[in-house]
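# Topology and contacts: notes
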Amino acid sequence: MPKQFKTYTRFDGGLNTKTNSRSIQDNELAQANNVIVDELGMVKSCGKVTDNTSDYSVPSLDATVAGYGLFQATFDYNVGGTNTATVRTFLADTDDTSDTRIDIFDAGGSWAEDAIDLGTTASGAVIYDLADGAVRVCDTNFGAGNAVKWHGYISKKLWLDSSGTQLNVGGGSVQNVTGWKTDSAPPLPPFSGTAGTGIVAAVLTANNLLFTSAGSPSTTLTVGGTTYTSTFDTQFDSGLYVAINEDGSEVQGIASRTNNTTLILDSAEAWGVGSDVGGFIAPDAGLGFNLEVVPTSSGSFTAATYEFAQTFIYDGNQESLPTVMTGTIVVAASKYLGCTVIASHGYADRVTGGRIYCRNSTLKGEWELLIDISLTDGCRSSLEADYNGWDVMYPQSAYLIGGINIGINSSDTFASLNGYSSDLSTASVGAAGEGYKTSTVTNRRKFIANVRSINANGQTELSADKLLYSEINKFDTFPVTNFIEIGINDGEDFIKLESFADRILAFKQKTLYIINVGGGSDTQWFLESEHKNMGAPFHAAVVKTDFGVAWANKQGLFFYDGSKITNLQKKILESTWKSFVNADTMVGFEPVNKHLVVIRDAAASGGTSGDAYVYSFTTNSFTFIEDLADNAIKTNIITDAYNQMTLGIGTDELESYDGEPDAGATFDITLKDDDFGLPNKVKKIYGITIEYASNAANSSAINYVYVNDSGTRQGSSTSGLSSSTVASTSADLDVNRYTFDTPLLASSFQLRLDLNGTSLQTINNIGIEYRPIYKRVT
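The rules behind the values
- Residues numbered from 1 in each chain as written.
- Predicted model: local features only at pLDDT ≥ 70, side-chain atom pairs only at ≥ 80, totals over all residues.
- Heavy atoms only, no water.
- Helix = DSSP H or I, 4+ residues; strand = E, 2+ residues; numbered from the N terminus.
- Buried < 20%, exposed > 50% of the residue type's maximum accessible area, 1.4 Å probe, protein only.
- Contact = heavy atoms within 4.5 Å.
- Areas by Shrake-Rupley, 256 points an atom, 1.4 Å probe, with all protein chains shown as cover.
- Lys, Arg positive; Asp, Glu negative; His and termini not counted.
- Charge placed at Lys NZ, Arg CZ, Asp CG, Glu CD.
- Salt bridge = Lys/Arg side-chain N within 4 Å of Asp/Glu carboxyl O.
- Polar contact = N/O pair within 3.5 Å; in protein donor to acceptor, adjacent residues only side chain to side chain.
- Pairing = 2+ DSSP bridges.

On to the overall build of the protein chain, then. Of the regular secondary structure elements, the protein chain holds two helices and 60 strands. Dimensions of the protein chain, computed from C-alpha atoms along their principal axes, come out at roughly 125 × 45 × 40 Å. Taken over 778 residues, the protein chain has a buried fraction of 56%. Sequence separation of at least 24 residues holds for 64% of the intrachain contacts in the protein chain that already meet a minimum separation of 6. Just so you have it, the protein chain exposes about 29000 Å², and 46% of that area is on carbon and sulfur atoms. Of note, the protein chain has its 52 positive side-chain charges centred 14 Å away from the centre of its 88 negative side-chain charges.

Within this structure, the stated rule accounts for 35 salt bridges. Salt-bridge contacts for Asp-490 lead to Lys-508; the nearest nitrogen and oxygen are separated by 3.0 Å. Of this pair, Asp-490 sits in the loop between strand S39 (483–485) and strand S40 (494–500) while Lys-508 is found in strand S41 (residues 503–508), placing the two residues 18 residues apart along the sequence. We classify Asp-490 as partly exposed; its relative accessible area is 29%. Exposure remark for Lys-508: the relative accessible area of 0% places this residue in the buried category. Asp-709 is the salt-bridge partner of Lys-775, the closest N and O atoms lying 3.9 Å from each other. Of this pair, Lys-775 sits in strand S60 (residues 761–776) while Asp-709 sits in the loop between strand S57 (702–708) and strand S58 (713–717), placing them 66 residues apart in sequence. Looking at Asp-709, the relative accessible area reads 17%, which means it is buried.

The next thing to look at is unusual backbone geometry. Positive phi, close to 60°, is recorded for Asn-533, a residue that is not glycine. Structurally, Asn-533 is set in the loop between strand S43 (526–532) and strand S44 (542–544). In this structure, Phe-676 is a non-glycine residue whose phi angle is positive, near 60°. Topologically, Phe-676 is positioned in the loop between strand S55 (667–670) and strand S56 (681–694). Residue classification places Phe-676 among the buried positions, given a relative accessible area of 10%.

With respect to the helices and strands, Lys-6 occurs in strand S1 (residues 4–8). Lys-6 gets classed as buried once you look at its relative accessible area, which sits at 15%. Of the polar contacts made by the side chain of Lys-6, one reaches the side chain of Asp-674; its length is 2.6 Å. Beyond its immediate stretch of four places on either side in the chain, Lys-6 contacts Asp-26, Asp-674, Phe-676, Ile-766, Gly-767, Ile-768 and Tyr-770.

Moving on, we come to the pairing of S57. In terms of burial, S57 is a largely internal element, seven of the seven residues being buried. Residues of S57 alternate between two faces, with Ile-702, Tyr-704, Tyr-706 and Asn-708 on one and Asn-703, Val-705 and Val-707 on the opposite face, all of them buried. In this sheet, strand S59 (residues 734–755) lies alongside S57 in antiparallel orientation, the contact comprising seven bridges. Across the sheet, Asn-703 pairs through a bridge with Arg-752, a residue of S59.

If you want it as C-alpha cells, here you go:
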C-alpha cells in the first residue's frame with residue numbers, strides 16, 4: 001500500500017483535556033501552552049499582559065486590594081474643565097496616609113493623586129459605577145470612616161435677581177461653581193433651621209439680639225390687627241446661626257440664649273452707636289435655610305397652627321428627606337403668607353436648591369409644598385410658577401433673601417413630588433460605615449445589593465439577600481421601600497450585579513437570578529429564571545462584553561447572550577478546571593480579538609497566580625497561558641478605551657493585554673494521539689513535515705510519544721529523527737521535513753512541539769507520513 005499523509009491544518013478546536021487524547025478531533029490539541037488559536041489554520045505564540053506606558057503614566061500607590069480599585073470611562077470634560085471627550089482612569093490607593101483615596105489619570109496627562117478621599121479607613125475594597133457623567137465610589141469593606149462619594153463635573157451660576165442679573169455675593173469670587181467636584185453621594189438633608197415671624201426684622205442692641213415690632217424690641221409682632229408671638233427657640237444654642245446688622249458691618253455667631261427674647265452674640269462689641277439697629281438671623285454657610293412667615297389678610301390659606309420642614313435638592317432632581325424646622329406659626333382664616341427665605345452662600349457643590357414644606361402641627365399628615373427654592377433663580381410657590389429672584393441683605397453680602405407671597409395651600413406634597421412618603425427612616429445609602437458590595441446602572445436606575453446601612457435606631461443592618469433600586473433618574477435616592485429580596489436565609493450573599501438586555505444578573509456564590517426589569521414600572525418586573533450552580537465566587541469573576549455577560553466558577557465558564565446561558569467550558573477536564581478556579585479568580589475581555597481571559601488569582605498566591613485560560617469567541621476554543629500576568633496583587637480587570645484588557649499590577653504599574661502574539665513564552669503544543677483511523681493496526685511512520693515561521697531556530701523542538709507494534713506505550717523521545725531542530729530563521733513560512741532513520745512501527749503516534757520563546761512562532765500545518773502495513777498489534 002502506498003505511503004499516506006495525515007495533515008493537521010486547522011487547530012481551531014483548541015485545547016481538549018476532557019476527552020482522551022486518542023479520541024479528540026483532528027483540529028484539537030491535547031496540550032496548548034502559551035499559544036493562541038483564534039484564526040483558522042494557524043496556531044501562534046500567545047501574548048501576555050505587559051506594562052502599558054504608552055496609554056498611561058506610572059502610578060504611585062502605597063497599597064492595593066486584590067481584585068478591586070480600577071475604573072475607567074470617557075467624560076465630556078477634562079481635568080481642566082475643557083469641553084472635550086476625555087478618558088479618565090480611576091485607581092484606588094488603599095493606604096494613602098492610612099486611609100482610602102482615589103488617584104485619577106486624564107489621558108495624555110498625569111496622575112492627580114488623592115483626587116477623591118473616601119474617608120479615614122484604609123484597605124478599602126473599592127468599586128465604581130457611572131451614571132449621567134458622574135462616578136459613585138464605594139468601599140465594599142464598609143470601612144467605619146469611609147463613605148460613598150460622588151465625583152462629577154459641575155457648572156452652575158448662583159444667585160440671580162428677578163431681572164436675571166447675577167448678584168455680587170461675597171465679593172463675587174465664588175458664586176459660580178465650575179469644575180470636577182467630589183461630594184457625598186447620599187442626598188444629605190439640611191439642618192433644622194428656624195421658622196418664625198421675627199428673624200428678618202430683629203433689633204440688635206449692644207451685644208444682645210431681640211425681636212422687634214415697629215422698630216422697638218418686643219416679643220410680639222402685630223400685623224393686620226393680629227398679634228403673633230415669637231420666641232427664640234433653644235435651637236439657637238446650637239452655634240449654627242449668625243446675626244448680621246442691617247448694613248453688614250458686623251456678622252457674628254450667636255453664642256447662647258439668655259431667655260425667650262434675648263440671644264448673646266460671640267462678641268461683646270456694641271452693634272450701634274447710641275441706638276439700636278436692625279438686623280437678621282441667618283444659618284451658618286451651607287447648612288440650610290431660615291424662614292420668616294408673616295400671615296397677612298386677604299388670602300385663602302387654611303387656618304391652623306403650622307409647622308415647617310425643609311429639604312435640599314441635589315443635581316436639580318434628587319431631594320433629601322425633610323428636616324423639621326423649629327418654630328410654629330398660627331394662621332387665622334382668610335390669610336395669605338408673606339414668606340422670606342434666608343439663605344447663606346456656601347452650600348455643597350451638588351446642592352442646586354431646596355424646598356420648604358408646611359403642615360397642620362396637630363393633624364400632621366404629609367408635608368405640603370410651600371416654597372420651591374433654586375439657588376440660581378430664587379423662590380416660587382409651585383413648580384409651575386415663575387421665580388422671584390434673590391436679593392442681598394447688604395452690598396456684597398453672603399446672606400440672601402428670597403421673598404414670596406402665598407395665598408393658598410398647595411396640592412403638591414413631598415410624597416406626590418417624590419413618589420414615596422416623607423416618613424421613611426432613610427432614602428439613601430452611603431454615610432460613613434454604610435455601603436454595598438455591588439452595583440449596576442440600567443434603565444435609568446441604579447441597583448445595589450448586599451447593603452450595609454444604619455437604621456433609624458442607629459443600629460447597623462447588613463441585608464445580604466436584599467437588592468435595592470433607586471428612583472428613576474435619581475441614582476443616589478434609595479427609599480427603603482424600593483427593594484427586592486431573593487433567596488432569603490439561603491446561606492448565600494449577593495456578590496455581583498450586572499445588567500444586560502433589560503435584565504439584571506444577580507449573582508450569589510452558588511446561584512444566579514435573572515430579573516427582568518424591562519417594564520417601565522417596578523410593578524412590571526419579575527424574576528425570569530433561577531440557575532443553581534451558576535453563581536460567582538468573586539465580583540471580578542464576572543465581565544460584561546459587547547455581546548453578553550461572561551463569568552467563571554468551579555462548574556464552568558458561562559456566557560449569557562440576553563436569551564440563554566451557555567457553558568463555554570466543555571473541553572477542560574472538570575477536576576483541572578475546579579482546581580484552577582479559586583475564590584478570587586478574575587475574568588476579563590479583550591475586544592479586538594475577542595478573547596475571554598480567566599486569571600487564576602487576583603492575589604499573589606504563589607508562582608501560578610497569573611496563569612490563565614484564554615477562550616476565543618472566534619474559534620470557540622481554549623488555550624492555556626503560563627504567567628499571563630505577574631505574580632503580584634492585581635486590581636480588577638477593565639476593558640479600556642484603547643480596546644485592551646487592562647489591570648493594575650502591584651503598586652506602580654498599569655498593564656494591558658491586546659491579544660496579539662509576543663515573543664518570550666515557550667510555545668508548547670501536543671497533537672492528538674493518532675491511530676490514523678486504524679486502531680490496533682501497525683503503521684510505519686516515515687517522517688514529519690511542518691510549515692512554520694519563526695525568527696529563530698528551535699533545537700530539540702520536536703519529540704513524540706507512540707504505542708509500538710507490541711501495544712506498549714513509549715515515553716517521550718526524539719530518537720531516530722534526522723533532526724529535532726525546526727530550522728526556520730525568518731518570519732516567512734518555511735516547510736521543514738524530518739525523517740526517521742528507520743521507519744517507526746507504531747499503533748498510534750502523537751507529536752509534540754516545544755519551541756523556545758526567543759521568537760514569535762507560527763505553525764500553519766503539520767503532516768505525518770505513514771503507511772499502514774495491516775499487521776495486528778501483538
